[in-house]
Every structure is written in C-alpha cells, then in structure tokens.
Amino acid sequence: QDKPSLDFRITYLEKLVGKKIPQKVKEETVNLTGGHMRLLIVSLEALLTLPQMPEDLTNFLLEQKTLQTALISLWRELSPSEQATISDGTYSQQPYLEALGLVKDNKLCIPLFSEGLQRGLFKENQAKFVYDETTNTIKRGEVTFSDDLTKGEFRLFRYLLQHTGEVVEREIIINTVWREDKSQAGITDQAIDQLVFRLRRKLEEDPNNPQFIHTIKGRGVKFSQ
C-alpha cells in the first residue's frame, strides 16, 4: 500500500477507537507488517487495546491470536509448491508471491511473516482437526479452520469429522450438505466430486495425493486424521 493510504487507514482507526499510537510504534508496525493492510489493521487493533505500548513489539504481535490467524490465512493462500519455495528460501521467478506482497527482490518483505515461519507458526498442519460443538466451529490447533470454509464445505467436513474412519456414502453427503434444498434430485455426482475436491484443496498439501479425505471407489469418501 502507498503511504497516504496507510496513513489514512491508521488515522481512521485511531479516531474510531479514540486513542493514538505513538508515531515510532506506528512506523515500526508498518515495517513489521510490510504495509500489508490486513496484517497492519489487526496489529493496530491489538495495540489500541493496551494501556501502554509493549517493549518488544514483535513478540507481542506474534502472541496475538488475531495476527496468527491472519498470517496463517496468508500462508494458506499459497499452493503447496509456493509454500515449499518459501520454506526453502528459493523465491526467484514467483510472480504470485510478489503480487501478494510477500516477496520483493527475491526476499521476504514481511518481517512478521518471516518470523512466524522461523517459529513454526505454519506447522499447524501437524495438529489434528477438532469439531467444537459449543461454538460450532472446526479448529486445528489454535486456529479456527472453519473460518475459511463455505457452508457446504463446513457441513461436509463436520460430518466427516464426526464419522472419522467411516465410509460416507454419496447419498449421506447429499442429505448432509443439501438437506435444506426442497429437491435433491438434480444434485449430480459431479457436484459432489467438486465439493470434495474444494475441501481437499483447503485441507491437503497436495489435493491430488490426499492424506485426509480418501475416495473409496463405488462407495463414497472416508476421512482419517
């Protein structure tokens, strides 16, 4: 983002809360977020809740769940090959990474993202998926995974989680996902396959070689942790 746009957003947020952040802290926050608007806003919102500014801004921000979620969401926007590129430190000839504002001149340009990578923030893939009935959400570690799912994807994934290890037939998928539809007669196998694949893309490192959602030929799908 250009400086006038950033300054406007920051000033607007300060007026909204009725509190000001010291200029030095604002500049450091802009640098740490690389000017990435979503990261900057959640960082400033966290700072505006404090009675006084933290001594270690980097540690404070990386401890905030809202910022962790924003960073992980940014990580999930990348394909497995792009994630591998970042993990390996080989950023050349990756225009999408530059378009996202992650890389410039073959270097990571968001210090908080880089620090999160070093601290293993994006290794939440090692945690299990858990459905929380109280909040009706699906979590993975500390991250609310269901925030990134459509209604259909959520219904399907919730059912699969609740029936881990079981083969879920296509008829059950239709009744689970499209239960509110007046008629389910027009729902094709292709529609089910597309829904399963969309969910795989959000779960799997490689959707074509799934680790979690397996197709059982002639029967349906099965989820395993």
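Residues numbered from 1 in each chain as written. Predicted model: local features only at pLDDT ≥ 70, side-chain atom pairs only at ≥ 80, totals over all residues. Heavy atoms only, no water.

Participant: Pulling in residues and values, what's your account of the nonpolar core?
Facilitator: Counting residues in hydrophobic clusters, the biggest one holds 41 residues, and the most contacted among them are Leu47, Leu67, Leu71, Ile86, Leu102, Phe113 and Phe122. Elements supplying a minimum of two residues to this core: α1 (3-17), α2 (23-33), α3 (37-47), α4 (57-62), α5 (65-76) and α8 (111-118). Residue contributions to this core peak at 8 residues, all from α3. In contact with Leu71, not counting residues within four places along its chain, are Leu39, Leu62, Leu112, Phe113, Leu121 and Phe122. (Core = buried A, V, L, I, M, F, W, Y, C linked by side-chain atoms within 4.5 Å. Buried < 20%, exposed > 50% of the residue type's maximum accessible area, 1.4 Å probe, protein only. Helix = DSSP H or I, 4+ residues; strand = E, 2+ residues; numbered from the N terminus. Contact = heavy atoms within 4.5 Å.)

Participant: Break down the pattern of salt bridges for me, citing the residues and quoting the values.
Facilitator: Taken as a whole, this structure holds 8 salt bridges when the rule is applied. Residue Arg170 pairs with Asp193 through a salt bridge whose shortest N-O separation is 2.7 Å. Here the residue Arg170 occupies a position in helix α10 (residues 170-177), and Asp193 occupies one in helix α11 (residues 189-203), the gap between them amounting to 23 residues. With a relative accessible area of 28%, Arg170 lands in the partly exposed category. (Salt bridge = Lys/Arg side-chain N within 4 Å of Asp/Glu carboxyl O.)

Participant: Got a sec to walk through the sheet that holds strand β5 (residues 143-144)? Specific residues and values, please.
Facilitator: Strands pair in a sheet through their backbones, by hydrogen bonds, and they do so in one of two ways: parallel or antiparallel. Read from one edge of the open sheet, 3 strands run β3-β4-β5, paired in antiparallel fashion. Edge positions in the sheet fall to β3 (129-132) and β5, since each of these pairs with one other strand and no more. As paired elements, β3 and strand β4 (residues 137-140) share 4 bridges and run antiparallel to each other. Each residue of the ladder has a partner; that of Tyr131, found in β4, is Ile138. (Pairing = 2+ DSSP bridges.)

Participant: Got a sec to walk through a nonpolar patch on the surface? Specific residues and values, please.
Facilitator: On the surface, a nonpolar cluster with roughly 460 Å² of combined accessible area is contributed by Phe8, Tyr12, Leu16 and Val17. Residue position: Val17 is located in helix α1. (Patch = residues over 30% accessible without salt bridge, like charges linked within 9 Å, V, L, I, M, F, W, Y side chains within 5 Å. Areas by Shrake-Rupley, 256 points an atom, 1.4 Å probe, with all protein chains shown as cover.)

Participant: Could you give an account of a negative patch on the surface, with specific residues and numbers?
Facilitator: Together, Glu28, Glu55, Asp56 and Glu63 make up a negatively charged patch on the protein surface. Of the residues examined, Glu55 reaches a relative accessible area of 86% and is grouped as exposed. (Lys, Arg positive; Asp, Glu negative; His and termini not counted. Charge placed at Lys NZ, Arg CZ, Asp CG, Glu CD.)

Participant: Mind laying out the environment of Ser43, listing which residues take part and the relevant values?
Facilitator: Mapped onto the secondary structure, Ser43 falls in helix α3. Classification of Ser43 by relative accessible area gives buried; the value is 1%. Distance from Ser43 to Lys15, taken between C-alpha atoms, is 16 Å for residues 28 residues apart in sequence. If near-sequence neighbours (up to four positions away) are discounted, Ser43 is found in contact with Thr29, Thr33, Leu61, Leu67 and Leu112. Side-chain polar atoms of Ser43 contact the backbone oxygen of Leu39, separated by 2.7 Å. (Polar contact = N/O pair within 3.5 Å; in protein donor to acceptor, adjacent residues only side chain to side chain.)

Participant: Give me the lowdown on the side chain of Ser146, citing residues and values where you can.
Facilitator: Mapped onto the fold, Ser146 is located in the loop between β5 and α9 (151-162). Other than its neighbours up to four places away in sequence, Ser146 contacts Thr137, Ile138 and Phe154.

Participant: Lay out the pairing of strand β8 (residues 220-223) in plain terms, naming residues and giving numbers.
Facilitator: Note that strand β6 (residues 167-169) and β8 share 3 bridges and pair antiparallel. Along β8, the bridge assignment pairs Val168 with Val221. Where strand β7 (residues 213-216) lies against β8, 4 bridges are found, and the strand directions are antiparallel. Paired with Ile213 across the strands is Phe223, a residue of β8. Between β7 and β8, which pair antiparallel and follow one another directly, the connecting turn spans 3 residues, one of which, Gly218, has a positive phi of 80°.

Geometric values such as these leave the question of function open.
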